[in-house]
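Report on the structure
Read off the chains here:
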Amino acid sequence: MATHLRSVGKKCTVIGGSGFLGQHMVEQLLEKGYMVNVFDIQKRFENDRVQFFLGDLCDKEALLPALQGVSVAFHCASPAPSSDNRELFYKVNFMGTKAVIEACKEAGVQKLVLTSSASVVFEGTDIKNGSEDLPYAKNPIDYYTETKILQEKEVLSANDPCNNFFTTAIRPHGIFGPRDPQLVPILIQAAKSGKMKFIIGDGKNLVDFTYVENVVHGHILAAENLQKDSPLCGKAFHITNDEPVPFWAFMSRILTGLNYDPPKYHIPYWLAYYLALFLSLVLWLLSPLVTIKPTFTLMRVALAGTFHYYSCERAKRDMGYKPVVSLDEAIDRTLQSYPHLRQAKA
Ligand SMILES: NC(=O)C1=CN([C@@H]2O[C@H](COP(=O)(O)OP(=O)(O)OC[C@H]3O[C@@H](n4cnc5c(N)ncnc54)[C@H](O)[C@@H]3O)[C@@H](O)[C@H]2O)C=CC1
Ligand SMILES: CC(C)=CCC[C@@H](C)[C@H]1CC[C@H]2C3=C(CC[C@]12C)[C@@]1(C)CCC(=O)C[C@@H]1CC3
């Protein structure tokens, strides 16, 4: 049966629905005939077909009204990785997710789909075609990753078929597309300030960048296939474009597509890593006096200088996933969506 016919009359809530991924989720869910509630601490768009609930997800009582009569909750809220605030990550990603689970159970929501991250297994060393069976990172590089691990464990272990409550986690990697506040804007900002001159490593490291519509497609398939005795219950799934690409070729394509020069000099990965480590120590020492956000964090250097691409075979097998937008098309659409970041030609 066509996906949109199966979903008619279904009501869902997108927690974090004002965010980059969240807004794309809302758009596709509406297109597929879902009734959509959004729960978020901020309202970032207007849509008459959406019911908004403003609140902090750490507050179970605030969540409950947004979950009444809902069969699926998508949890895609998180503080931005760049906020680098340990307490906030712990409170929202871990404690807040416990509140989400409790609220779903109390409101009678049957399915909870978490947006996790493939970075839960990443420790700064190469991952080639990694499967979901890789162990969680023992030494996560940053607090964001540390709390995404705690969050994912919490959601997957809450799967409880006896009480008609089913959970699953989607692990996307490097989401990009129109309205992304992170990847393209940070890259262009770095280029503008003359920081994108160097390729970290030999430039051959393959990485997954995943178009936002493919990520949304994976979430909706997960919700529709999550049911009693399905292989999705309590399990995590990589969702990628299934087209790993050299990190620096991808960055260069975005830069040249917006009329910026691509980086051309090389710096060894180990040197960039220790420079970033040294910088993070200096900034930590200075933190009581001044807050500075570095462009080259340890995590970004690790992501830029290593292989990290993942197999999405499990999603193909268990939920019939296949990317709906190719990488080429995705890059073109993304470049067209940022006219304000395009540099005028000299
Ligand atoms: N952007 C990426 O490359 C990747 C993102 N992810 C995950 O995807 C999810 C969505 O990420 P993005 O859309 O990129 O982030 P985003 O920052 O655009 O959206 C997050 C949303 O969560 C909301 N939020 C934050 N704290 C909240 C709270 N306490 N209560 C209620 N709402 C709150 C924010 O207001 C925002 O609207 C996150 O869980 C992130 O960890 C995973 C892999 C890659
Ligand atoms: C080296 C440099 C400064 C490149 C500019 C682009 C980066 C800002 C992005 C390249 C890979 C991206 C990425 C994420 C954030 C933005 C980048 C570092 C995540 C850390 C976002 C949250 C996740 O769950 C994993 C992502 C991996 C890739």
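Overview of the structure. Just so we're clear, the structure is a prediction, and the values are computed from it rather than from any experiment.

**Concerning the sheet that holds strand S1 (residues 11-15)**
One open sheet holds the 7 strands; their spatial order is S3-S2-S1-S4-S5-S7-S12, and the pairing between them is parallel. The sheet is open, and its two edges are formed by strand S3 (50-54) and strand S12 (236-239), each paired on a single side. Neighbour-to-neighbour, the strand axes of the sheet open up by a mean angle of 20 degrees, direction not taken into account. The strands touched by helix H2 (residues 20-31) within the sheet are S1, strand S2 (35-40), S3, strand S4 (72-75) and strand S5 (111-115), with S1 carrying the most contacts at an inclination of about 170 degrees. The strands that helix H3 (residues 60-67) touches are S1, S2, S3 and S4; relative to S2, the one it contacts most, it runs at about 165 degrees.

**Digging into the packing of aromatic side chains**
Across all of its chains, the model carries 11 aromatic pairs by this definition. Between Phe-176 and Phe-250 the ring centres are 5.1 Å apart and the planes differ by 75 degrees, which places this aromatic pair in the edge-to-face class. Pair noted here: Phe-176 is in strand S8 (residues 175-176) and Phe-250 is in helix H8 (residues 247-257), with a separation of 74 residues, a long-range link. Through pairs of rings, three or more aromatic residues link up here, namely Phe-176, Phe-209, Tyr-211, Phe-247, Trp-248 and Phe-250.

**Considering the site of ligand 2**
Within the structure, ligand 2 sits among 16 residues, and Ser-117, Tyr-144, His-173, Ile-186 and Arg-300 are positioned closest to it. Ser-117 is positioned such that a nitrogen or oxygen atom in its side chain is 2.7 Å from an oxygen atom of ligand 2. Tyr-144 places a side-chain nitrogen or oxygen 2.7 Å from an oxygen atom of ligand 2. Bound to the protein, ligand 2 loses 93% of the 600 Å² it would expose on its own. In terms of residue class, the shell around ligand 2 is built from 9 nonpolar, 6 polar and 1 charged.

**Things to note about the environment of Lys-322**
Note that Lys-322 resides in the loop between helix H11 (313-319) and helix H12 (327-336). Considering only alpha carbons, one finds Lys-322 and His-217, 105 residues apart in sequence, at a separation of 8.7 Å.

**Some details on the nonpolar core**
Leu-29, Val-36, Phe-74, Phe-176, Phe-209, Phe-250 and Met-319 are the most contacted members of the largest nonpolar core, which has 82 residues in total. No other element matches the 7 residues that helix H7 (residues 212-225) contributes to this core. If near-sequence neighbours (up to four positions away) are discounted, Phe-250 is found in contact with Phe-176, Leu-183, Phe-209, Val-245, Leu-327 and Ile-331. Counting residues in hydrophobic clusters, the runner-up holds 26 residues, among them Phe-39, Leu-63, Ala-77 and Val-92.

Reading the values: the criteria
Residues numbered from 1 in each chain as written. Chains lettered and ligands numbered in written order. Predicted model: local features only at pLDDT ≥ 70, side-chain atom pairs only at ≥ 80, totals over all residues. Heavy atoms only, no water. Pairing = 2+ DSSP bridges. Helix = DSSP H or I, 4+ residues; strand = E, 2+ residues; numbered from the N terminus. Axes fitted to C-alpha atoms, helices over the stretch in contact; angles between N-to-C directions. Contact = heavy atoms within 4.5 Å. Phe/Tyr/Trp six-rings, centres within 6.5 Å; stacked < 30°, edge-to-face > 60°. Near = heavy atom within 4 Å. Polar contact = N/O pair within 3.5 Å; in protein donor to acceptor, adjacent residues only side chain to side chain. Areas by Shrake-Rupley, 256 points an atom, 1.4 Å probe, with all protein chains shown as cover. Nonpolar A, V, L, I, M, F, W, Y, C, P; charged D, E, K, R; others polar. Core = buried A, V, L, I, M, F, W, Y, C linked by side-chain atoms within 4.5 Å. Buried < 20%, exposed > 50% of the residue type's maximum accessible area, 1.4 Å probe, protein only.

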